[in-house]
Amino acid sequence: MISFLKITLQTLKVFIIFTGCTILFYYGIMWVSEEYQSYHRYEEPEGAALKVSNAVDEENPSLLDRLMLFYLNGE
């Protein structure tokens, strides 16, 4: 009877620790998500920014040009 009670208490302790760590991890992930949600990655650059990519100069590129661009850049 005593060993059954010890096993039950050990199982309960493991369950409580696991649940607490899971809740802590969940709220940590939610905090990081909220922190980066307000971070604007696609804002206009400040200063004298230049466009550095000029892959295709033509207005209507040929199929071969588009295919080569796809293979080179994974576009």
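Caption draft 1: Up close: the overall build of the chain. When you go through the chain residue by residue, the secondary structure sums to two helices and zero strands. Here the chain holds 75 residues, and the buried ones make up 1% of them. Carbon and sulfur atoms provide 65% of the accessible area of the chain, an area that totals close to 8000 Å².

Caption draft 2: Representation of a nonpolar patch on the surface. A contiguous nonpolar surface patch, about 680 Å² in accessible area, is contributed by Leu64, Leu67, Met68, Phe70, Tyr71 and Leu72. Locating Leu67 in the fold gives a position in helix H2 (residues 63–73).

Cut-off values and rules
- Residues numbered from 1 in each chain as written.
- Predicted model: local features only at pLDDT ≥ 70, side-chain atom pairs only at ≥ 80, totals over all residues.
- Heavy atoms only, no water.
- Helix = DSSP H or I, 4+ residues; strand = E, 2+ residues; numbered from the N terminus.
- Buried < 20%, exposed > 50% of the residue type's maximum accessible area, 1.4 Å probe, protein only.
- Areas by Shrake-Rupley, 256 points an atom, 1.4 Å probe, with all protein chains shown as cover.
- Patch = residues over 30% accessible without salt bridge, like charges linked within 9 Å, V, L, I, M, F, W, Y side chains within 5 Å.
- Salt bridge = Lys/Arg side-chain N within 4 Å of Asp/Glu carboxyl O.

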